[in-house]
Structures are given as C-alpha cells and as structure tokens.
Amino acid sequence: MSYILVLSTASNKEEAKKIANILVKEKLAACVNIIDNIFSVYEWKNEICEDNEVLMIIKTKKDKFENLSKKIKEIHSYEVPEIIALDITEGSKEYLNWIDDILK
C-alpha cells in the first residue's frame, strides 16, 4: 500500500475542524492533525499577503488522494486551497495497518 500525508491550510480552526470531520467520516482520511496559529506569507493576485492560518496534516492512502482533493475543493472557503501530498516512505507497521483498517 502507498501512504501519504496531505498538507492543507484553512482560514481558521472551525473551518479546519469541519473539513477534518468530513474527511474522516467519509473514509477519505484516517486522521487529521490541526495545527493552529501558523503565519503564512504568499503572493496572491499580484499582492504579497500575510495571514494567520491553520495547518491540517492529513494521513491517508494514495488511492484516496483524488477524491480527498475533490472533497476539500468542494467544501473549502479558499478559491485555490493548498492540497499537497507527500509520500510516507517509512512508518510503524502497526500505525500503517491502522490506516488500512480505518480506510477499508
């Protein structure tokens, strides 16, 4: 099996919790960690922007990515939400088995 971490930011903790709950309920993610109060600097529409955001670290499987990405875009408040997947190259067998069990 191929496991991934998906990074996505949200405008606030409430939005992140809403997205996380939907992803877990719909078996698109086994777990979502929410890290509050990150500071982002980025360019958007030819302007440098600075915002407080919330980071979601989403644990899932590679074969769930397309549907997970579609779901985030469907419910997210951002016009272009961050959705970046990173391969998990190593992990404890027990934890990866748990992801398998949750995402059946």
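Residues numbered from 1 in each chain as written. Predicted model: local features only at pLDDT ≥ 70, side-chain atom pairs only at ≥ 80, totals over all residues. Heavy atoms only, no water.

Caption draft 1: Local environment of the packing of helix H1 (residues 13-25) against helix H2 (residues 65-75). Running from N to C, H1 and H2 point in directions that differ by 145°, and their axes come no closer than 11 Å. For the pair H1 and H2, the sense of crossing is right-handed. Note on element contacts: H2 touches H1 through Leu68, Lys71, Ile72 and Ile75, opposite Glu15, Lys18, Ile19, Ile22 and Leu23. (Axes fitted to C-alpha atoms, helices over the stretch in contact; angles between N-to-C directions. Helix = DSSP H or I, 4+ residues; strand = E, 2+ residues; numbered from the N terminus. Left-handed = near helix turned anticlockwise from the far one by under 90°. Contact = heavy atoms within 4.5 Å.)

Caption draft 2: Main features of the pattern of salt bridges. Using the criterion set out here, one finds seven salt bridges in the structure. A salt bridge links Glu79 to Lys45, with the nearest nitrogen and oxygen atoms 3.3 Å apart. Of the two residues, Glu79 sits in the loop between H2 and strand E4 (84-87) while Lys45 sits in the loop between strand E2 (31-44) and strand E3 (47-61), which places them 34 residues apart along the sequence. An identical accessibility class is assigned to Glu79 and Lys45; each is exposed. A salt bridge links Asp87 to Lys62, with the shortest nitrogen-to-oxygen separation between them at 2.8 Å. Remark: Lys62 occurs in the loop between E3 and H2 and Asp87 occurs in strand E4; sequence separation between them is 25 residues. (Salt bridge = Lys/Arg side-chain N within 4 Å of Asp/Glu carboxyl O. Buried < 20%, exposed > 50% of the residue type's maximum accessible area, 1.4 Å probe, protein only.)

Caption draft 3: View of the sheet that holds E2. Strand order in this open sheet of four strands is E2-E3-E1-E4, and the pairing throughout is antiparallel. The open sheet is flanked by E2 and E4, the only strands paired with a single partner. Ignoring strand direction, the axes of neighbouring strands in this sheet form an average angle of 30°. Relative to E4, strand E1 (residues 3-10) is paired through four bridges, and the arrangement is antiparallel. Bridged to Leu7 within E4 is Ile84. Along the sheet face, helix H3 (residues 93-102) touches E1, E2 and E3 and points at about 90° away from the line of E3. (Pairing = 2+ DSSP bridges.)

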